[in-house]
Amino acid sequence: MIELYKERSYAACIKEGFEFFQKNLKAFVKVMLPYCIIVALLNAASSILSCAMLLQTVPPMLSALLYFLVVLLIFAAAIFTFSRLFLLYRRVAGIESAEQEDGMKKMKQWKFDLLRTCQLAKRSLPFILCMTIAIVLLCSIIGVAGIYAYQAIPGRTAVTAAIAVFIGVVLILVASLMLMPLTYSFYHYMMQKEKPALKTIKQTYRAGRKHLWKIVGVSALAMFILLVLILILQLPELILSQALQHSLTDSVNMGDNVSVPFGGFCLLALASAVMMTFAQLAYLPYYNVLLFLYGDIYKIEELKD
């Protein structure tokens, strides 16, 4: 059990998030490893399909359909992974018990956990869709407006192009800042009793906006620490991936027999899946940090009320 709802400083949110992962490393690996493996294997499958499309070893329509299905499966697997993580959070925070509810047929613990994970996944889907739609709309509006604005400039030069790029970057940063309060909204939505997604966003977005700079600061510091660790973890795989990709592309352009490069690419995709599994586990401290940040903001807002 953890004391989630209490005020914390920037450093305390990060420290407690990493310590929580360190002290419960075996539990995190045991609970989250199967889900991380599934996501990693699906990403490996998408890489292999991309390679097959490049080599045209599969009919274009079939490969495109398979790729679309794999992407949907990746999206679904990612939702289930987050849902299982929040089920763990809810239990360690004392929000719900790991024991089966009264009146429910006796079932094995893993089946009960899978059932609750499915329920949380179903619950999280509307919120994730709302966030996805908001991100797509913002990016689309910025992109379309930028293209029309740039085309309307008479006598375009390298300087005007640089200014347009700079303005675009600023607009993307502004849009990102507008979406950051949704981090608090999402954690509140997943950790509290069931409420409609839009109603939760409306009630919690303002609170997240009031603590925007703390959300940005804590998130940025925690992400910087993790990116250094993950870069070290994935650096060998990135080097090998780039080398084999160049080899594969050269073979295709020269019309050589590419059966060996394709086989090598499949092996690399599986090796990449292993690395990605560890990378996903390495991201868990970041989500823990956001959990304790959520508890801090929730406590402050509760005291104000």
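Residues numbered from 1 in each chain as written. Predicted model: local features only at pLDDT ≥ 70, side-chain atom pairs only at ≥ 80, totals over all residues. Heavy atoms only, no water.

Draft legend 1. Layout of the packing of helix H6 (residues 182-191) against helix H10 (residues 284-304). Two numbers describe how H6 lies on H10: the axes approach to 10 Å, and their chain directions differ by 85°. The angle between H6 and H10 places the two elements in the roughly perpendicular class. Across the interface between the two elements, Thr183, Tyr184, Tyr187, His188 and Met191 of H6 pack against Tyr287, Leu290, Leu291, Tyr294, Ile297 and Tyr298 of H10. Here the residues of the contact of H6 with H10 sort into nine nonpolar, two polar and no charged. (Axes fitted to C-alpha atoms, helices over the stretch in contact; angles between N-to-C directions. Helix = DSSP H or I, 4+ residues; strand = E, 2+ residues; numbered from the N terminus. Parallel < 35°, antiparallel > 145°, perpendicular 65-115°, else oblique. Contact = heavy atoms within 4.5 Å. Nonpolar A, V, L, I, M, F, W, Y, C, P; charged D, E, K, R; others polar.)

Draft legend 2. Just the confidence of the model for the protein chain, in detail. Averaged over every residue, the pLDDT of the protein chain is 81; residues scoring 70 or more account for 83%. For the protein chain, per-element mean pLDDT is lowest for helix H9 (residues 259-282), which scores 71, and highest for helix H1 (residues 10-23), which scores 93. (pLDDT = per-residue confidence, 0-100.)

Draft legend 3. Spatial organisation of the pattern of salt bridges. Evaluated as defined, the whole model comprises eight salt bridges. A salt bridge links Glu96 to Arg116; the nearest nitrogen and oxygen atoms lie 2.7 Å apart. With Glu96 in the loop between helix H3 (60-92) and helix H4 (109-151) and Arg116 in helix H4, this residue pair connects regions lying 20 residues apart in the sequence. Across the pair, exposure class does not vary: Glu96 and Arg116 are buried alike. Lys299 serves as the salt-bridge partner of Glu302, at 3.7 Å between the closest nitrogen and oxygen. Pair noted here: Glu302 and Lys299 are both in helix H10, with a separation of three residues, about one helical turn. Looking at Lys299, the relative accessible area reads 24%, which means it is partly exposed. Among the ionic contacts, a cluster of salt bridges with common partners joins Arg84, Arg91 and Asp113. (Salt bridge = Lys/Arg side-chain N within 4 Å of Asp/Glu carboxyl O. Buried < 20%, exposed > 50% of the residue type's maximum accessible area, 1.4 Å probe, protein only.)

Draft legend 4. Quick peek at the packing of H6 against helix H7 (residues 197-210). The contact between H6 and H7 brings their axes to 8 Å, and the two run at 130°. With respect to H7, the axis of H6 lies oblique. Handedness of the crossing formed by H6 with H7: right-handed. In this structure, H6 uses Leu182, Tyr184, Ser185, His188 and Tyr189 to contact H7, whose residues at the interface are Ala197, Thr200, Ile201, Thr204, Tyr205, Ala207 and Gly208. Of the residues assigned to the contact of H6 with H7, the class counts are seven nonpolar, five polar and no charged. (Left-handed = near helix turned anticlockwise from the far one by under 90°.)

Draft legend 5. Fine view of the nonpolar core. Ranked by size, the top nonpolar core spans 46 residues in total, and within it Leu4, Phe28, Tyr89, Tyr187, Met191 and Leu291 carry the most contacts. Counting only elements with at least two residues in this core, the list comes to H1, helix H2 (25-55), H3, H4, H6, H7, helix H8 (212-254) and H10. Of all the elements, H10 adds the most residues to this core, at nine residues. Ranked by size, the runner-up nonpolar core spans six residues in total, among them Val39, Val70, Ile74 and Ala77. (Core = buried A, V, L, I, M, F, W, Y, C linked by side-chain atoms within 4.5 Å.)

Draft legend 6. Structural detail: the layout of surface pockets. Each pocket or cavity is described by its volume, and for the largest pocket that value is around 760 Å³. Lining the largest pocket are 26 residues, with Phe82, Met131, Ile135, Thr183 and Phe186 positioned closest to its centre. Of all the secondary-structure elements, those providing two or more residues to the lining of the largest pocket are H3, H4, helix H5 (158-179), H6 and H10. Ranked by residues supplied to the lining of the largest pocket, first place goes to H4 with seven residues. Tallied by class, the residues present in the lining of the largest pocket amount to 23 nonpolar, three polar and no charged. (1 Å grid on protein atoms, 1.4 Å probe; cavity = no way out; pocket = protein on both sides within 12 Å on 5 of 7 lines; lining within 4 Å. Points joined across faces, edges and corners; volume = space filled by probe spheres on them.)

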